[in-house]
Amino acid sequence: MQKPADNQASFQMQHALIQAQRHLSEDLNPQELPGRILEQLAFVVPYERGALMLQDGPILRITAQRGFPIDERIDNLVMPARPGDIYEEMSKTVSPELIDDVTTDARWMQVDWLPLNRSWLGVPLFAKNRVVGMVSLTRVEAGAFSQADVLMATAFAMQAAVALENATLYQEITLFNQRLEQTVLERTEALRRALDTLERMDRNKSDFINVAAHELRTPLTVMKGYIGMMKMDAAVKASPSLAQTLTGIEKGTDRLHDVVNNMLDLARIDNQVLDFKPEHVTVVSLVRRVQLDYSHYLADRKLTLQVDGLDSLPPVYGDPALLLKVFQSVVINAIKYTPDGGIIKIYGRPIQDAQAGSCVEVCIQDNGIGIDEVQLELIFEKLYTTNQVALHSSGKATFKGGGPGLGLTIARGIIQAHRGRIWAESPGHDETIFPGSTFHILLPS
Ligand code: ADP
């Protein structure tokens, strides 16, 4: 039966153990923790000299020490972990080793420059299912460690090993986080630089379009004036071949004029100075006008334009001239990218849109070459064209004739100025099965 004094001592020891363990769990710095372990262990098991050693391959390195003489050799103090020695024994049994008097133990190797302490207690540090090191305690006197000391040191070492493992994990995670943060910072910086470059390139594009349009406009106006004068000339009137040549020049000049006008429109959209005169306008009137203007292209290319369900749509509030340009762009594209004999359908419906409220949605559907999914948005970028520039044709409605890549950019700019939306849908690009494309235009009514 235990005596009350024994009970008291045991209670105090357990209390000391719990206190020490609490301190350990607070310290997550793996560099400081070994020293802290030895410090806290001294409250639980008294000792004169203590070392925490961790296994590093075939040797044990001192990670922290207490009570050693001040001597620089201590930094190089290592203990080999060899078969047959005490540590190897401890690793196998995972249990503490007590030597009451090291002078009588053949396994003991006394370091010559260390004062001789006769009692030795070694407790294994067990983590990740193996012994990773040990705590080595010595006392001057022989037989100084009691069985209670062994028990307490063992219990303490178990907690210390867990604390060491946690601290290492915590440090690994912290390091990983720091590296991750650094990588995120670097990638963000790279993205920011790429964005700057893209913005600069976009500005360059806009500047080029702006300058080129203004530079071309004046000589073009002069050319058109002279062409008008030449057409009146008697010599031209009398010569069918001259008149025909002049008509060719006039057509080319008109085409160039269209391109320059588009460039100017784009410059106005970019600079947000679009001349905007809104009124109530019906979609059907705009579509009929386009149908009429492009009837010769439709006939040349043997394309059918079907208009359906637009008469009943409510009018939209917008600039008729600007909206006409939108429908012209989308319809001329449908003509250009649909093979001869194809069908273009234009239909619409009133809808309630979450962002824009009461709207009309107009769809322009063709059964042409279609558009790749990755390009469905890109085609609205300025100067973007899926065609090879070298293959561009001068004919406005030639199949796959291509163009400067401004039409849809302008169309989107105009629609956005009307607080609407324009987007394209297509099952994909295929020039054998012709999956077709549908352009949706949403305008507040
Ligand atoms: P472009 O002057 O080249 O016609 P757009 O801005 O009008 O410029 O169109 C951009 C690109 O979008 C075109 O080059 C073409 O590749 C693609 N595209 C536009 N409409 C269609 C369509 N109906 N079918 C297939 N591709 C189209």
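Residues numbered from 1 in each chain as written. Predicted model: local features only at pLDDT ≥ 70, side-chain atom pairs only at ≥ 80, totals over all residues. Heavy atoms only, no water.

Peer 1: Whenever I open this one, the overall build of the protein confuses me. Can you help?
Peer 2: Looking only at helices and strands, the protein has 10 helices and 13 strands in total. Scaling as 2.2 N^0.38, a compact globule of 445 residues should have a C-alpha radius of gyration of about 22 Å, whereas the protein reaches 44 Å, well beyond that. Viewed in the frame of its principal axes, the protein has a C-alpha envelope of about 135 × 45 × 45 Å. In the protein, buried positions account for 38% of the 445 residues. (Helix = DSSP H or I, 4+ residues; strand = E, 2+ residues; numbered from the N terminus. Rg over C-alpha atoms; globule rule 2.2 N^0.38 Å. Buried < 20%, exposed > 50% of the residue type's maximum accessible area, 1.4 Å probe, protein only.)

Peer 1: Just checking my understanding: could you explain the pattern of salt bridges for this structure?
Peer 2: For side chains bearing opposite charge, pairing can occur when the charged atoms are close. Counting across every chain of the model gives 23 salt bridges. Close ionic contact of K277 with D275 constitutes a salt bridge, the shortest N to O distance being 3.1 Å. Across the pair, D275 and K277 agree in class, each one exposed. By sharing partners, the salt bridges in this structure join E189, R192, R193 and D196 into a single network. (Salt bridge = Lys/Arg side-chain N within 4 Å of Asp/Glu carboxyl O.)

Peer 1: Before we go on, may I ask you to explain the pairing of strand β12 (residues 421-425) in this structure?
Peer 2: Along β12, the buried face is formed by I422 and A424; none of R421, W423 and E425, which line the opposite face, is buried. Pairing between β12 and strand β13 (residues 437-444): five bridges, direction antiparallel. Across the sheet, E425 pairs through a bridge with T438, a residue of β13. (Pairing = 2+ DSSP bridges.)

Peer 1: Would you explain the packing of helix α4 (residues 147-232) against helix α6 (residues 240-270) in this entry?
Peer 2: A packed helix pair is summarised by two numbers, namely the angle formed by the two axes and the spacing between the axes. Following both chains from N to C, one finds α4 and α6 inclined at 150°, their axes separated by 8 Å at the closest point. With respect to α6, the element α4 is oriented roughly antiparallel. Taken as a pair, α4 and α6 cross one another with a handedness that is left-handed. Tallied by class, residues from the contact of α4 with α6 come to 16 nonpolar, five polar and six charged. (Axes fitted to C-alpha atoms, helices over the stretch in contact; angles between N-to-C directions. Parallel < 35°, antiparallel > 145°, perpendicular 65-115°, else oblique. Left-handed = near helix turned anticlockwise from the far one by under 90°. Nonpolar A, V, L, I, M, F, W, Y, C, P; charged D, E, K, R; others polar.)

Peer 1: What is the right way to read the sheet that holds strand β6 (residues 130-139) from this model?
Peer 2: Spatial strand order, β3-β2-β1-β6-β5-β4: six strands in an open sheet with antiparallel pairing. The outermost strands of the open sheet, each flanked by one partner alone, are β3 (78-80) and β4 (97-99). Here the strands of the sheet are splayed against their neighbours by 25° on average, with no regard to which way each runs. Sitting on the sheet, helix α2 (residues 33-44) touches β1 (49-56), β2 (59-66) and β6, and the angle it makes with β2 is about 60°. Running at roughly 35° to strand β5 (residues 119-127), α4 makes contact with β1, β4 and β5 of the sheet. (Contact = heavy atoms within 4.5 Å.)

Peer 1: Just checking my understanding: could you explain the packing of aromatic side chains for this structure?
Peer 2: Each aromatic ring pair is characterised by the separation of its centres together with the angle its planes make. Inspection of the entire model under this criterion finds three aromatic pairs. When the ring of Y294 is compared with that of Y297, the centres are 5.5 Å apart and the planes differ by 50°; the resulting orientation is tilted. This pair shows no difference in class: Y294 is buried, exactly as Y297 is. Above the ring of F68, the side-chain terminus of R49 is found at 5.4 Å from the ring centroid. Seen from the ring of F380, R412 lies directly overhead, with NZ or CZ sitting 3.9 Å from the centre. (Phe/Tyr/Trp six-rings, centres within 6.5 Å; stacked < 30°, edge-to-face > 60°. Lys NZ or Arg CZ within 6 Å of the ring centre and 35° of its normal.)

Peer 1: Quick question: what am I supposed to make of unusual backbone geometry here?
Peer 2: Across the chain, the bulk of peptide bonds are trans and the bulk of non-glycine residues have phi less than zero. Despite not being glycine, K128 shows a phi value in the positive range, around 50°. Its location among the elements puts K128 in the loop between β5 and β6. Exposure remark for K128: the relative accessible area of 56% places this residue in the exposed category. The backbone of N129 shows a phi angle near 65°, a positive value even though the residue is not glycine. Among the structural elements, N129 can be located in the loop between β5 and β6. Of the residues examined, N129 reaches a relative accessible area of 72% and is grouped as exposed.

Peer 1: Would you mind going over a nonpolar patch on the surface with me for this structure?
Peer 2: Residues F176, L180 and V184 make up a contiguous nonpolar surface patch of roughly 290 Å² in combined accessible area. Mapped onto the elements of the fold, F176 is located in helix α4. (Patch = residues over 30% accessible without salt bridge, like charges linked within 9 Å, V, L, I, M, F, W, Y side chains within 5 Å. Areas by Shrake-Rupley, 256 points an atom, 1.4 Å probe, with all protein chains shown as cover.)

Peer 1: Looking at this structure, how should I read helix α10 (residues 407-417)?
Peer 2: Along an α-helix, residues three or four apart share an orientation, since each turn contains 3.6 residues. Counting buried positions along α10 yields eight of 11 residues, so the element is predominantly enclosed. Of the surrounding elements, those touching the buried residues of α10 are α6, α9 (320-336), β12 and β13. Positive phi appears at R419, one or two residues downstream of α10, with a value of about 60°.

Peer 1: Just checking my understanding: could you explain the site of the ligand for this structure?
Peer 2: Taken together, 21 residues lie around the ligand, and N333, D366, T386, G405 and L408 are the ones closest in. The separation between an oxygen atom of the ligand and a polar side-chain atom of K336 is 3.0 Å. Within the side chain of Y337, one N or O atom sits 3.2 Å away from an oxygen atom of the ligand. With the chains in place, 97% of the 540 Å² that the ligand exposes on its own is no longer accessible. Judged by the fraction of its atoms near the pocket grid, the ligand is located in the largest pocket. Counting only elements with at least two residues in the shell around the ligand, the list comes to α9, α10 and β13. No other element matches α9, which puts three residues into the shell around the ligand. For the shell around the ligand, the residue count by class is 10 nonpolar, nine polar and two charged. (Near = heavy atom within 4 Å. Polar contact = N/O pair within 3.5 Å; in protein donor to acceptor, adjacent residues only side chain to side chain. 1 Å grid on protein atoms, 1.4 Å probe; cavity = no way out; pocket = protein on both sides within 12 Å on 5 of 7 lines; lining within 4 Å. Sits in = over half its atoms within 2 Å of the grid points.)

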